[in-house]
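Here's the letter readout for the chains.
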Amino acid sequence: MLAESVAADRDYPPMARSARDGFAVRASDVPGELQVIGEVRAGEKFSGEVGVGDAVEIMTGAPIPPGADAVVMVEHVTVNGSSVNVPRTLRSGENVSPQGSEARGGETLLDPGRRLGFADVALLATIGRSRVSVFRKPQVAILATGDEIVDVDETPASHQIRNSNSQSIAVQVARAGGCPRILPVARDNYASTRELVEVGLRYDLLLLSGGVSAGKYDIVERVLADLGAEFFFDRVLIQPGQPLVFGKARDKFFFGLPGNPASTMVTFEIFARAAVEILGGEKEPMLPLLWSKLTGEFRHKTGLMRFLPARVSADGAEVSPIRWHGSGDVPSQARANAFLVVEADRESWAAGDSIRVLMK
Ligand code: AMP
Ligand code: MG
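Residues numbered from 1 in each chain as written. Chains lettered and ligands numbered in written order. Predicted model: local features only at pLDDT ≥ 70, side-chain atom pairs only at ≥ 80, totals over all residues. Heavy atoms only, no water.

Visitor: Could you give an account of the site of ligand 1, naming the residues involved and the relevant values?
Guide: Contacts to ligand 1 come from 17 residues, most closely from Asn163, Ser164, Asn165, Gly211 and Gly259. Asparagine 165 places a main-chain nitrogen or oxygen 3.2 Å from a nitrogen atom of ligand 1. One nitrogen or oxygen atom from the main chain of glycine 211 is found 2.8 Å from an oxygen atom belonging to ligand 1. Bound to the protein, ligand 1 loses 78% of the 490 Å² it would expose on its own. Counting atoms within 2 Å of the grid points, the majority share of ligand 1 lands in the largest pocket. (Near = heavy atom within 4 Å. Polar contact = N/O pair within 3.5 Å; in protein donor to acceptor, adjacent residues only side chain to side chain. Areas by Shrake-Rupley, 256 points an atom, 1.4 Å probe, with all protein chains shown as cover. 1 Å grid on protein atoms, 1.4 Å probe; cavity = no way out; pocket = protein on both sides within 12 Å on 5 of 7 lines; lining within 4 Å. Sits in = over half its atoms within 2 Å of the grid points.)

Visitor: Can you lay out the packing of aromatic side chains for me, pointing to particular residues and giving the numbers?
Guide: Under the criterion given, the structure shown has eight aromatic pairs. A ring pair is formed by phenylalanine 233 and phenylalanine 271, whose centres lie 5.8 Å apart and whose planes are at 55 degrees; its orientation type is tilted. Placement of phenylalanine 233 in strand 16 (residues 230-233) and of phenylalanine 271 in helix 5 (residues 261-279) is noted, with a sequence separation of 38 residues between them. Under the relative-accessibility criterion, phenylalanine 233 is labelled partly exposed at 26%. Where phenylalanine 246 meets phenylalanine 253, the ring centres are 5.7 Å apart and the plane angle is 20 degrees; that geometry is what we call stacked. The rings of Phe232, Phe233, Phe246, Phe253, Phe255 and Phe271 are connected pair by pair, giving a single aromatic cluster. (Phe/Tyr/Trp six-rings, centres within 6.5 Å; stacked < 30°, edge-to-face > 60°. Helix = DSSP H or I, 4+ residues; strand = E, 2+ residues; numbered from the N terminus. Buried < 20%, exposed > 50% of the residue type's maximum accessible area, 1.4 Å probe, protein only.)

Visitor: Summarise the pattern of salt bridges; cite the residues concerned and give the values.
Guide: Applying the stated criterion to the full structure yields twelve salt bridges. Here arginine 41 makes a salt bridge to glutamate 44, at a shortest N to O gap of 3.7 Å. With a relative accessible area of 46%, arginine 41 lands in the partly exposed category. Between arginine 250 and glutamate 198 there is a salt bridge, and its shortest N-O distance comes to 3.0 Å. Here arginine 250 is found in the loop between strand 18 (245-249) and strand 19 (252-257), whereas its partner glutamate 198 is found in helix 3 (residues 190-200), with 52 residues between them in sequence. Several salt bridges share partner residues, and in doing so they unite Arg175, Glu269, Arg273 and Glu277 into one network. (Salt bridge = Lys/Arg side-chain N within 4 Å of Asp/Glu carboxyl O.)

Visitor: Describe the layout of surface pockets, with residues and values.
Guide: By volume, the largest pocket is sized at about 440 Å³. Surrounding the largest pocket, 31 residues form its lining, Asn165, Pro258, Gly259, Asn260 and Pro261 being those nearest its centre. Elements that contribute at least two residues to the lining of the largest pocket include exactly strand 13 (161-162), strand 17 (238-239) and helix 5. Of the residues belonging to the lining of the largest pocket, the class tally is eleven nonpolar, 16 polar and four charged. Approximately 360 Å³ is the volume attributed to the second largest pocket. Lining the second largest pocket are 16 residues, and of these Arg115, Glu277, Glu282, Glu284 and Met286 lie nearest its centre. (Points joined across faces, edges and corners; volume = space filled by probe spheres on them. Nonpolar A, V, L, I, M, F, W, Y, C, P; charged D, E, K, R; others polar.)

Visitor: Run through the sheet that holds strand 11 (residues 139-144), naming residues and quoting values.
Guide: Across the sheet, six strands lie side by side as 14-11-15-19-18-16; this open sheet has mixed pairing. Looking at strand neighbours, the two that pair on one side only are strand 14 (179-182) and strand 16, the edges of this open sheet. Put simply, the sheet's adjacent strands are angled 25 degrees from each other on average, direction ignored. Where strand 11 meets strand 15 (residues 205-209), five bridges bridge the pair, whose relative direction is parallel. By the bridge assignment for strand 15, isoleucine 142 is matched with leucine 207. (Pairing = 2+ DSSP bridges. Axes fitted to C-alpha atoms, helices over the stretch in contact; angles between N-to-C directions.)

Visitor: Account for helix 2 (residues 165-175), with residues named and values stated.
Guide: Along helix 2, the residues that are buried comprise Asn165, Ser166, Ser168, Ile169, Ala170, Gln172 and Val173. Here the buried face of helix 2 lies against strand 11, strand 14, strand 15, strand 19 and helix 5. Positioned one or two residues after helix 2, glycine 177 has a phi angle of 95 degrees, which is positive. (Contact = heavy atoms within 4.5 Å.)

Visitor: Could you give me a rundown of unusual backbone geometry, with the residues and numbers involved?
Guide: The omega torsion across tyrosine 12 and proline 13 is -10 degrees, close enough to zero to call that bond cis. Along the polypeptide, proline 13 turns up in the loop between strand 1 (6-7) and strand 2 (17-18). Residue aspartate 251 is not a glycine yet carries a positive backbone phi of 70 degrees. Tracing the chain through its elements places aspartate 251 in the loop between strand 18 and strand 19. Among the residues examined, aspartate 251 registers a relative accessible area of 65% and is labelled exposed.

Visitor: I'd love a proper account of the nonpolar core, names of residues and values included.
Guide: Residues Ile169, Val173, Leu205, Leu207, Phe255, Phe268 and Phe307 are the most contacted members of the largest nonpolar core, which totals 24 residues. Broken down by secondary-structure element, the contributors of at least two residues to this core are strand 11, helix 2, strand 15, strand 19, helix 5 and strand 24 (338-342). A total of six residues in this core trace back to one element, the largest contributor, which is helix 5. In this view, phenylalanine 255 contacts Leu205, Leu206, Leu207, Leu208, Leu244, Val245, Phe246, Phe271, Ala272 and Ala275; residues no more than four positions away in its chain are not counted. In terms of nonpolar packing, the next biggest core, distinct from the first, is built from 18 residues, Ala186, Val197, Val212 and Leu227 among them. (Core = buried A, V, L, I, M, F, W, Y, C linked by side-chain atoms within 4.5 Å.)

Visitor: Tell me about the pairing of strand 4 (residues 32-40), residues and numbers included.
Guide: Taken together, the four bridges between strand 4 and strand 8 (residues 83-86) define a ladder with antiparallel strand orientation. By the bridge assignment for strand 8, glutamate 33 is matched with asparagine 85. Examined bridge by bridge, strand 4 and strand 5 (residues 54-58) share five bridges and lie parallel to one another. Counted as the bridge partner of glycine 38 is valine 56 from strand 5.

Put into structure tokens, the structure is as follows:
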């Protein structure tokens, strides 16, 4: 994530150059038969000048020789010994990239707060910036809760489940530009949860999973309240993921993500991901939403906006929901490559209707 403003070190292109292989000419001389007075290749400069009736053979990327103002493509001419016949007219500037047309020296090219993608890195290389300042990655504590949770390498008893949420959240955090730090699992009692929440609040952001529903042993909110937390919201009208807590304690933001794996994944993508990105310096966090067409008819019960596991075709044009068995169903989440975004107040869709999709 870029933390400084980056400017062009010189004009781009630094001088007018040819966009084609061909002949540099004076546009006012053509159509006509011209004298070829030399050649200029990329990486060279032509020392002479193109006078009336002259042409210089030129390669793509080579500087336009003084006097010339257009380039005729090699495919459009006939060469006869030392002369060239140009049968067509040319505009002044045709097939020429003018000096400074891409960027002016000193012009700001990149602003702070943007993630450097491959084109940005190409731009930094172009302007000779082998080092730039970037934001420190936010350290994100991941705290799973639950008496039934065992470690991934353990063999769970039939009443236990392995901790998948810490793993999915860690991948999501890393993808959002944060450094995931997985804490030990908090047990469903006050002392254990409080101890680990206090550890988690030393990081830049704390992500809890589980313990935020209305159950008797869901004590995350009580622990946070006792630590002086300010709660911004504790419920969102989406499914999966209704009980979602967002607040601030000890000057650190936290999310209490619901414990069901699908809920954890969905609420992270929609809410916590932007927080990780903003803490990492991002100015414009975005959700990768697209419009696609349903392959079959689709109905749902109105009231909540839903984010359902779905498969989108390789070109994004078509989407089919995946059969799922509720928000504990991890295999169907893994079969999906996207979430179908189902509006809360619409009941049915026909095959071929447009619907929004959140890419994973
Ligand atoms: P809770 O929000 O604590 O009531 O959790 C809801 C359900 O989510 C639990 O019954 C578990 O089945 C599941 N769950 C909670 N935490 C995890 C976790 N870390 N990994 C996988 N599943 C979890
Ligand atoms: Mg629990």
